[in-house]
Every structure is written in structure tokens, then in C-alpha cells.
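Residue-level listing of the chains:
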Amino acid sequence: MPEASAPPAQGPLAHHFANLKQQKHAAVLGMWVFIAQEVLFFGGLFATYAVYAMKYKEAFEAGSGHLNWKIGFFNTLVLIASSLTMAMGVHSAALGRSRRIVGWLLATVFLGTVFLGVKYFEYGEKIAPCFGMGAGPGCLVPGQLFDASVLHVAADVAPETQIFYSLYFAMTGLHALHMIVGIPIILWIAHAAWKGRYSPAWHTPVEIVGLYWHFVDIIWIFLFPLLYLMGRH
Amino acid sequence: MNQGTEAKPMTPEVNTLPKEHYLNAGYDWKSWLLTTDHKRIAILYLISISVMFILGGLYAVLIRWNLLVPDGSHMSAETYNRVFTAHGVIMVFFFLIPSIPATLGNFLIPLMIGARDLAFPRINLLSWYVYVIGAAFTLFSLFSGGLDTGWTFYTPYSTVFAQSNVAFAAIGIFIAGFSSILTGLNFIVTVHTMRAPGMTWFRMPLFVWAHYATAIIQILGTPVVAITILLVALERLFHFGFFDPARGGDPILFQHLFWFYSHPAVYIMILPSMGVVSELITCFSRKRIFGYSFIAMSSMAIAVIGFLVWAHHMFVSGMSVYSAMIFSALTYLVAIPSAIKVFNWTATMFRGSISWETPMMYVFGFIGLFLIGGLTGLFLGNLGTDVHLTDTYFIVAHFHYIMVGGAIMGYLGGIHFWWPKIFGRKYSEWWGRISAVLIFVGFNMTFLPQFLLGYLGMPRRYHAYPEEFQVLNVLSSAGALILGIGYLFPSLYLAHSMVKGEPAGNNPWGARGLEWETTSPPPAHNFDQTPVVEDEAYAYDKAPKEAVVA
């Protein structure tokens, strides 16, 4: 919750806190509670995934096998690298080096954007055939146009692969949405760091946006094997 | 007022309102719509949920009007479906869930723990705006064709077959859920980090404990229904096949995910009400509460066990007999902490010096009605009887005894108890007592016949019924009329009190607790000096502290 702890005009201490320590404690706990909420939010999807992956094992392996694991792996590396740059940003904040905070945060934003760019092409490849664009058949958007022919599965399994792709779009889409929300917030924090608002005594906004970013990465760490590697064992 | 109790602790001369308080801190629209003061946000919520309550109540009037005649000639089946769905959606998501936490909880938690505000005042304001946006979406859906799925949105009807405006309503409820999550987040962090010096965990008022337990459910339950309802909207808009059996989806999975939140949601409604009852019963018995830590911990136990009982809504939906047995046993388990509370409240009254002010009348109502609601819940948690009673009026009666008889009685009791603190003025005690009795009588007359109807086999959600059920249905509708009049009176005399009421003084009930040690209404910053707590809660054996602000 960065907006709650963003420093007001007169110094970083908000009027209703007794001291910075209390304010920091509240902000960090607030982010952890928010993350707990997020875990349950994604948890609904993970539970749905677990139920259908057991029920439709063959369809899930076929659907997963069709995803390009190399692209997924590349994106995993990109996100792990962005977690590292974010951690370095928080570390610089603790040392009070404002210019370095900005550098590391911008690196994080760059890596996040690379991830989303790759995702854009990955989605495009599955969506374009539904509109008669792109190379040949293989619309993988669930619904009327869904075309399982590229998955090479038996006719009775084919409809079940829709469930896999419903989950693929819902889970990666929700994850991407969290990154799209995170990037402007990181830019905002970087702007505040540029203005020299953070010090070793008060840099909680950097810390909690870091917590948020790491959480979004961890979600991907679970999504990658569940979606890309299920069909390869 | 306090006949039969110790001498009135406050000075007998005429009370006046304090010169400066949160209500006169600003009059322009910005000072209200952009406020971050938890007390003003509580008032904003109070206004919005009251509007929703009136709207939901009007739909209830339509339901009871239709059921006056057995042949369903008052409205078509399609209209009736939309009417009871609107009643359920509005009352559950836009009145009951925010009712006590967003109004009394928002107003009182910082005061009770000696803080200047909630931990995140701007997020608190945000939660109100999120609520209003969610309500706008849902109301748009209800007024532009309506919604006929029932408040439960069961699939595949809601996702594939319903011709009504499901997606808009689902998005509205999804949005409103985040208002509840933000409120819960604020309460958890506030209780952890904002307590005044000396306010240890086990000195906190039980109202705060109840809200802490509620907040845990809001944080851990609401996101699950949010994602579920989002999947319903996605399935309608983009034809994802999560819950569509024709495409391999599983409708039962929807029911599991839905009830994972929607059963604990009942505890979001009832726990704050139990917190109110704990405060009121000790004040009007002039006695320290009996079993403080048992009541506090039973709130936590309800929050935890409440997450493990959801499938008792699905005994007839199809699940293995062993799962059903386990969920049935866990359902019985959750009755234990509820019973612990009732026993402790009763023991608090034992040898207390009980007085019959309006708030206490609601407490008596609460205990009686909650007891009936809770015990009939055991009929439904039992596998054998549930098969006979499920989807009948027995269920309708049971959950109204909990949600209206329990939650709303506590809400009204709390509003009457803290009204002099919130607005600094008294209301008519005579009208207060009359209304409390009317509500109690009207409520029982409305819903007791429904237990019988359900037991005799009248299914819920039908717009017509066999003729032999008419007598009981007419009785129920007549009771609803009395109940409606009972609800009308408080809105009139409380509105009158806001303008013309006699100033109440800082502590009109002679109650204990930090909220009574500041002025009525409190100043914008709550306390002139951060209070220091030296006593256990509810020290009714000691004289009350004077107000610390002039």
C-alpha cells in the first residue's frame, strides 16, 4: 500500500502516527496482509487448476506440451533478474543512495517490460488465428473459435483442452495485470527517490513495493512449471 | 433513565455540545467527500448502507406482497425471480457485510484503542469509493433488466442460461468485495500497530476482538469469492468453460469456491454483532463481563472453524458420503464457540444490576433470536434432516434468524448505544423501546411461520404455492408489515435527534471504555492527549474516568 505511507508535505511522518517506527511497522504489515489476500485470490485459480489437472490429465499434458517452454523459461529468468534488481534497489535505499535506487528501480521496470513484451507475442500467436491472421489454424482462445487440431489429441480429449487454455489465459493474464499495476507504482517510487525523499531512516515505500514485486515473481515461479512443464516429464 | 442502577456518574446540570468536534470541522462537500477522518467515513458508510437497506427492504415488501396469494397472480415468475435476487444481493453484499464494521467499527475502533485514526486513512476513504462504484454497477444491472440467478449465482444457470444482466452484477460484487478487503486490512494493521500505551491485547474491548476476527475472514475469504465471481463474468463474456459441463467444466467446483467465502461471510455479519452485544450487556448489567478471554478467543475460533464448514451448503449437490460426514461434524463444532458466547453473556447478567434502556432491549432480542437461529442451524448441519429441509422455507427462516435476528438486532443495538457518542445528542427513549418491541414481535411473526412452511415442504424461491400454505404465508406477510413499521420509527426519531436532540454529555450511559473518555461528538483528532490505559476492560466495579478533553 504505497499510497498510505507516501510521505506527506511536511516530512514523512503522517499525523496519526506517534513516530516513524510505528508508521513503518504499519506499512510493512499492511503489505503482508495485502499479500495474504493476494495468495487467496490466486489460490482460487490454483485450486481450480488442481481439480482439472487431475480430472483431465491427458488434455492438460497436450495443452501444456504445445506451449513453448523455452520462451517461458526465458521469461522466468527475466523475472528472477528483476527480483534481483529490485532487491538491490531496496538495499541502496537502506544505504541512502538515492541515485542508485533510481537506477535499480528503472532496471526492474525494464525487465518487467521485457517480460510483458514476450507475453504479448506469446498471446498474439494464440489469438491471431481466431481473427484469420497469423500463420495458419490454431485458435487457442476458448469459445466458439477454439481449434484443438494443432494439439494432436484424440477427438474425445480435444474439448477438455479448452479448460487448460481457459486457465492459461486467466492465470497468466491475472499475473500480467499485477505487473502492469506494479510498473507505474515502481516508476512513481523511483520519481520520489530521484527527488531525494528517502533516507536510511525512512525508505519504507521502496521496501513494500519490493515486497509486492517479489510476490508477483513468486506467483510466476509456480505458474511456469504448472503451465509450461506439465507435458514434459 | 438509569433507575435501579448506581447513581448517575455524570454531572446533573444541563449538558452542552463541545465547541469543536469532527462534525463541525468543515461543512463544504470536500470536507466530507475527501475526508480521511475515520469518523466521517463511518458517516458516509452509514448513509450509503442505509440507502441500500431501504432499497433491499422495498424488494422484501414486493416478495411478501406476491406471497399473499397462492396462485402467484401478483407478479410473473420471471419478475419474482428478479425481485428476490435483488433483495438477496443488496442485503447480503451491500448492507449486511459492511453494516457494523464499516460504520460502528470504523468509528469506534480507533477511539476504543486510543488511536488518532485507522492505520491507513486514505485507504479507508478508498474503500468507501470502491463500495460506491461496486454498488453503482450492481444497481445498474438490477435496474436495467435485473438479475434472476439468486444471490448465489449458481452455475451453469448464471453462466450459460440466464437471460438477465449477470455480468454487470458480478463485476459490481467483485468490486465491492475489495471494499470489504480494504476495511479488513485496515482493521488488522490498526489493531496490531496503533494501540495506545497500556492497551494490551487482553485489555482491548471485545468489540475490537470481534472485529479483528471479522477482518481475518474478510482478508482470507473475500478474495476467493472475488476470483470466483470474476470467472463467472469471464465465462459469460468470453465463453471460458470453467463451470460449463458441456465443455468439461464442473458446476460443483463453483459451489465449493462460492461457499468457501459465502459461509464465512455469515460470520462477517454476525461476529461484529456479537462484539456489540458484549459491550452492551456488560454496560447495562453494571458488571464486568464474565469470561472475557473465552469470549475473545471464541471469536477467533469462529473465524478459524468457520472456514472449514462450507460444504454443508452442498449436501444434496453431490459429494462423497465421507466428505459430507466430516463437514457435518465440523459444522457441529462451530456451534461450540457460539454457545460459549451465549453462556458468558447470560452469566454476565447473573446478579448484575440490569436496566432496560433501548440498546439493552436489542441485546435481549439478539440473544433470543440468535439462539433460535443457531439451534435450527444444527438441523441443517445434520445430514439426515438436511435432505428433508434443504431448499425449503426452513432454510430461509433459519438464515434470517441469524442475519436479521442476529446481525441487524446487534447493529441497531449498537447504533442506539453509540448514537449519543456519534452525534452528541439523545433520542427519545420511549420511541426507542416501542420500536425495539415492534421489531422483535414483527420479526418473529414474519419468520416463525416460515419454519413451519419449510418443514411442511414449501420450497424457497417459488412465486406460487399450494393453497393450504396460505394462512401461514399471510401471517408472515402481516409480520413483515409490523417489522417494516418497526424499522421506520428509528429512522424518524433518530433523524429528529440529529437536529433537535438534547445534548447527551460525554458518557450518558456511565459506560467504561476509551471512547467514553472523550467528548460527544469526539474532536477530529479523537483525544487531546494520547490516553494511557491502566485497567482491564469493563471496570464497572470502579468509577468511570472523566473526559480527558475539556
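Look a little higher up for the structure.
Residues numbered from 1 in each chain as written. Chains lettered and ligands numbered in written order. Predicted model: local features only at pLDDT ≥ 70, side-chain atom pairs only at ≥ 80, totals over all residues. Heavy atoms only, no water.

Visitor: Provide a residue-level description of the overall build of chain B, including the pertinent values.
Guide: A tally of regular secondary structure across chain B gives 17 helices and 0 strands. Taking 2.2 N^0.38 as the reference for a compact globule, 550 residues should give roughly 24 Å; the C-alpha atoms of chain B span a radius of gyration of 23 Å, in line with that estimate. Across its three principal directions, the C-alpha atoms of chain B cover 70 × 45 × 45 Å. Taken as a whole, chain B presents about 19800 Å² of accessible surface, with 70% of it coming from carbon and sulfur. Computed over 28 positive and 28 negative side-chain charges, the inter-centroid distance for chain B is 6 Å. (Helix = DSSP H or I, 4+ residues; strand = E, 2+ residues; numbered from the N terminus. Rg over C-alpha atoms; globule rule 2.2 N^0.38 Å. Areas by Shrake-Rupley, 256 points an atom, 1.4 Å probe, with all protein chains shown as cover. Lys, Arg positive; Asp, Glu negative; His and termini not counted. Charge placed at Lys NZ, Arg CZ, Asp CG, Glu CD.)

Visitor: For the packing of aromatic side chains, give the residues involved together with the corresponding values.
Guide: For the coordinates displayed, the defined rule picks out 66 aromatic pairs over all chains. Taking 6.4 Å as the distance between ring centres and 50 degrees as the angle between the ring planes, the aromatic pair formed by Trp 69 of chain A and Phe 73 of chain A counts as tilted. Of this pair, Trp 69 of chain A and Phe 73 of chain A both sit in helix H4 (residues 69-95), 4 residues apart, which is roughly one turn of the helix. Chaining the aromatic ring pairs together yields one cluster made of Phe 93, Trp 151, Tyr 154, Phe 240, Phe 242, Phe 243, Phe 254, Phe 258 and Trp 259 of chain B. Sitting over the face of the ring of Trp 194 of chain A, Arg 99 of chain A holds its NZ or CZ atom 4.2 Å from the ring centroid. (Phe/Tyr/Trp six-rings, centres within 6.5 Å; stacked < 30°, edge-to-face > 60°. Lys NZ or Arg CZ within 6 Å of the ring centre and 35° of its normal.)

Visitor: Describe the side chain of Lys 341 of chain B, naming the residues involved and giving the relevant values.
Guide: Residues and elements named next belong to chain B. Here Lys 341 shows up in helix H12 (residues 321-349). Comment: no salt bridge for buried Lys 341; closest opposite-charge side chain is Glu 279, at 10 Å. Every residue in contact with Lys 341, bar those within four places of it in the chain, is listed here: Leu 271, Met 274, Ile 295, Ser 298, Ser 299 and Ile 302. (Buried < 20%, exposed > 50% of the residue type's maximum accessible area, 1.4 Å probe, protein only. Salt bridge = Lys/Arg side-chain N within 4 Å of Asp/Glu carboxyl O. Contact = heavy atoms within 4.5 Å.)

Visitor: How would you explain the interface of chain B and chain A if you had to name every residue and give the values?
Guide: Note on interface size: it is often stated as the accessible area lost on association of the parts. Chain B puts 38 residues into the contact, and the matching count from chain A is 37 residues. For the pair chain B and chain A, the summed buried surface comes to about 3200 Å²; carbon and sulfur atoms form 73% of the total. Between chain B and chain A we count 1 salt bridge in total. For Asp 250 of chain B, the salt bridge goes to Lys 55 of chain A, with nearest N and O atoms at 3.7 Å. Seen at the junction of chain B and chain A, the total is 9 residue pairs in polar contact (both at pLDDT 80 or more). Among the secondary structure elements, those contributing two or more residues to the side of chain B that touches chain A are helix H5 (121-143), helix H7 (166-193), helix H8 (206-238) and helix H9 (251-262) of chain B. Residues that form the side of chain B that touches chain A fall into these classes: 27 nonpolar, 6 polar and 5 charged. (Buried area = accessible area lost by both parts, 1.4 Å probe. Polar contact = N/O pair within 3.5 Å; in protein donor to acceptor, adjacent residues only side chain to side chain. Nonpolar A, V, L, I, M, F, W, Y, C, P; charged D, E, K, R; others polar.)

Visitor: Account for helix H6 (residues 161-194) of chain A, with residues named and values stated.
Guide: All names here are of chain A. Here H6 contains 34 residues, and its C-alpha end-to-end distance of 49 Å stays within 8% of the 50 Å for a straight helix at 1.5 Å per residue. With 24 of 34 residues buried, H6 lies mostly within the body of the structure. Residue Gly 196 follows H6 closely and has a positive phi angle near 75 degrees. (Expected span 1.5 Å × (residues − 1).)

Visitor: Could you give me a rundown of the pattern of salt bridges, with the residues and numbers involved?
Guide: Overall, the coordinates contain 14 salt bridges over all chains when judged by the stated rule. Between Lys 119 of chain A and Glu 122 of chain A there is a salt bridge; the shortest N-O distance is 2.9 Å. Pair noted here: Lys 119 of chain A and Glu 122 of chain A are both in helix H5 (residues 98-127), with a separation of 3 residues, about one helical turn. A salt bridge links Arg 288 of chain B to Asp 541 of chain B, with the shortest nitrogen-to-oxygen separation between them at 3.6 Å. Remark: Asp 541 of chain B occurs in the segment after helix H17 (470-500) and Arg 288 of chain B occurs in the loop between helix H10 (264-283) and helix H11 (292-305); sequence separation between them is 253 residues. Taking relative accessible area as the criterion, Arg 288 of chain B reaches 34% and is therefore assigned partly exposed.

Visitor: If you had to explain empty space enclosed by the protein to someone new, which residues and values would you point to?
Guide: All names here are of chain B. Tallied over the full model, the rule gives 3 cavities of 30 Å³ or more. If you add up the space inside the largest cavity, you get close to 170 Å³. Lining the largest cavity are 20 residues, with Phe 93, Ile 97, Ala 176, Gly 177 and Ser 180 sitting closest to its centre. For the lining of the largest cavity, the elements supplying multiple residues, two or more each, are helix H4 (99-112), H7 and H8. Among the elements that take part in the lining of the largest cavity, H7 stands out by supplying 7 residues, more than any other. Residues that form the lining of the largest cavity fall into these classes: 14 nonpolar, 6 polar and no charged. (1 Å grid on protein atoms, 1.4 Å probe; cavity = no way out; pocket = protein on both sides within 12 Å on 5 of 7 lines; lining within 4 Å. Points joined across faces, edges and corners; volume = space filled by probe spheres on them.)

Visitor: Residue-level account of the packing of helix H2 (residues 38-66) of chain B against helix H3 (residues 77-96) of chain B, with values.
Guide: All names here are of chain B. Two numbers describe how H2 lies on H3: the axes approach to 9 Å, and their chain directions differ by 150 degrees. In terms of orientation, H2 and H3 fall into the roughly antiparallel class. Crossing hand, H2 versus H3: left-handed. Contacts between H2 and H3 pair Ile 49, Met 52, Phe 53, Leu 55, Gly 56, Gly 57, Tyr 59, Ala 60, Leu 62, Ile 63 and Asn 66 from the former with Tyr 80, Val 83, Phe 84, Ala 86, His 87, Ile 90, Met 91, Phe 94 and Phe 95 from the latter. Residues belonging to the contact of H2 with H3 are distributed by class as follows: 16 nonpolar, 4 polar and no charged. (Axes fitted to C-alpha atoms, helices over the stretch in contact; angles between N-to-C directions. Parallel < 35°, antiparallel > 145°, perpendicular 65-115°, else oblique. Left-handed = near helix turned anticlockwise from the far one by under 90°.)

Visitor: So what's going on with the packing of H9 of chain B against H10 of chain B? Which residues, and what values?
Guide: All names here are of chain B. Relative to each other, H9 and H10 sit at 15 degrees, their axes nearing to 4 Å. One element, H9, and the other, H10, form an angle in the roughly parallel class. Judged by residue contacts, Trp 259, Phe 260, Tyr 261 and Ser 262 of H9 engage Pro 264, Ala 265, Val 266 and Ile 268 from H10.

Visitor: Tell me about a nonpolar patch on the surface, and name the residues and values.
Guide: Residues and elements named next belong to chain B. Together, Trp 29, Leu 33, Leu 34, Tyr 129 and Ile 133 line one region of the surface with nonpolar side chains, adding up to about 490 Å² of accessible area. Elements that contribute at least two residues to the nonpolar patch include exactly helix H1 (29-33) and H5. Among the structural elements, Tyr 129 can be located in helix H5. Classification of Tyr 129 by relative accessible area gives partly exposed; the value is 30%. (Patch = residues over 30% accessible without salt bridge, like charges linked within 9 Å, V, L, I, M, F, W, Y side chains within 5 Å.)

Worth remembering: the numbers are spatial, not functional.
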